[in-house]
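# Working through the structure, step by step
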Amino acid sequence: QNSGIASFTINDGDADITAVAAGAVTLSLADDGNGNGGTTSIGRLIDGTTDAITIAMSAAVVTTSIGVADEETIRINSADGALELTTGLTATDATAITITGDNTVDLGAVSAAALATVDVSGLTGAAGLVIESSTSAVAMTLNVNSATSGYTGTVTVTAGSGNDTLNGTANN
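A brief structural summary. Numbering of residues starts from 1 in every chain and runs along the sequence as written. Thresholds applied to this predicted model are a pLDDT of at least 70 for local features of residues and 80 or more for the giving and counting of side-chain atom pairs; totals over whole chains, interfaces and linings are not thresholded and use all residues. Excluded from the side-chain calculation are hydrogens and water; included are all heavy atoms of the structure.

## Observations regarding the overall build of the protein chain
Note the threshold: Put simply, DSSP H or I for four residues or longer makes a helix, DSSP E for two residues or longer makes a strand, and each gets a number counted from the N terminus. Burial here depends on accessible area, computed with a 1.4 Å probe over protein chains only, as a share of the maximum for the residue type. Under 20% is buried, over 50% is exposed, and the range in between is partly exposed. Working rule for contacts: check all heavy atoms of both residues, and any pair within 4.5 Å makes them a contact. In short, Shrake-Rupley with a 1.4 Å probe defines the accessible areas, and a residue's cover is counted only from the protein chains shown.
Check the secondary structure of the protein chain and you find zero helices and 15 strands. Relative to its 172 residues, the protein chain shows a buried fraction of 37%. In the protein chain, of all internal contacts separated by at least 6 residues, the share reaching a separation of at least 24 is 44%. Approximately 7500 Å² of the protein chain is accessible, and the part contributed by carbon and sulfur atoms is 51%.

In structure tokens form, the structure reads like this:
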């Protein structure tokens, strides 16, 4: 299957494109262990309007940044490891980010002017989230896990200039 990936850049990190199905891409990350961060970016040959990527960690990853500028939907799975981006996520076309798993995700500064939905209702246990998306100019909806699920994590979100909505409970 042709993924439509025009460029795949890794600077001091371990990343692999592990699956391509119907134009959706899975990016697997593993920390290279040298402690000095790095960058990973993916660019589409043809920038569509429904491009999607899943980012999954095989272990805890601390890296500088991830660039997925052409993706409208970003799914992050932290089931096998935490993710910390010290600089942030470049997601120019992103309208939705969904995060699942039981490890903390710190996206740092997210550059996404049309980010309308952040769904972290799939976080479990004490997994936390930090996202700073002050560049979003649209109304953002944040869906957080409910207290009845046993979720005890802390979610910290800085939103942009839109009229935002938070769906969740007080312990979140």
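From this point, things continue past the structure.
## What about the nonpolar core?
Which entries qualify depends on this criterion: In this description, a nonpolar core means a group of buried Ala, Val, Leu, Ile, Met, Phe, Trp, Tyr and Cys residues linked to one another through side-chain atoms lying within 4.5 Å.
Residues Ile 74, Ile 76, Leu 89 and Leu 107 are the most contacted members of the largest nonpolar core, which totals 34 residues. Apart from the residues within four sequence positions on either side, Leu 89 is in contact with Ile 66, Val 68, Ile 74, Ile 97, Leu 107, Ala 109, Val 110 and Ser 111.

## Regarding the side chain of Asp 70
When you line up the elements, Asp 70 lands in the loop between strand 6 (61-67) and strand 7 (73-77). Given a relative accessible area of 15%, Asp 70 falls into the buried group. The residues contacting Asp 70, other than those within four sequence positions of it, are Gly 43, Arg 44, Asp 47, Asp 51 and Asp 93.

## Some remarks on the environment of Ala 116
Position of Ala 116 relative to the elements: it lies in the loop between strand 10 (105-111) and strand 11 (117-123). According to the relative accessible area criterion, Ala 116 is partly exposed, its value standing at 25%. Taking C-alpha positions, Ala 116 is 5.9 Å from Ala 139, a pair spaced 23 residues apart along the chain. Non-local contacts of Ala 116, meaning those with residues more than four positions away in its chain, are made with Thr 95, Val 138, Ala 139, Met 140 and Thr 141.

## Points about the pairing of strand 13 (residues 141-144)
Applicable threshold: Here, a strand pair is defined by DSSP locating no fewer than two bridges between the strands.
Burial along strand 13 is one-sided: Leu 142 and Val 144 are buried, and none of Thr 141 and Asn 143, which face the opposite way, are. Both strand 11 and strand 13 contribute to a ladder of four bridges, which runs parallel. Each bridged residue has a counterpart across the sheet, and for Val 118 the counterpart in strand 13 is Leu 142. In this sheet, strand 15 (residues 165-167) lies alongside strand 13 in parallel orientation, the contact comprising three bridges. For Asn 143, the partnering residue across the bridge sits in strand 15 and is Asn 167.

## Some words on the pairing of strand 9 (residues 96-101)
Summarising the sheet, strand 7 and strand 9 pair through five bridges and their orientation is parallel. Bridge pairing in strand 9 links Ile 76 to Ile 99. When strand 9 meets strand 11, the two strands line up parallel, connected through five bridges. Looking across to strand 11, one finds that Ala 96 is bridged to Thr 117.

## Structural notes on the environment of Leu 27
Along the chain, the position of Leu 27 falls in strand 3 (residues 24-30). Separated by 28 residues in the primary sequence, Leu 27 and Ile 55 place their C-alpha atoms 4.8 Å from one another.

## Quick look at the side chain of Asp 51
Quick reminder of the rule: The term polar contact refers here to a pair of N or O atoms within 3.5 Å; inside protein, the definition further demands a hydrogen-donor-capable atom paired with an acceptor-capable atom, and it admits residues adjacent in sequence only when both atoms are side-chain atoms.
For Asp 51, the position within the fold is in the loop between strand 4 (39-44) and strand 5 (52-57). Within polar-contact distance, the side chain of Asp 51 engages the backbone nitrogen of Gly 48 at 2.9 Å. Those residues within four positions of Asp 51 in sequence are excluded, and the remaining contacts are Arg 44, Ile 46, Asp 70, Glu 71, Glu 72 and Thr 73.

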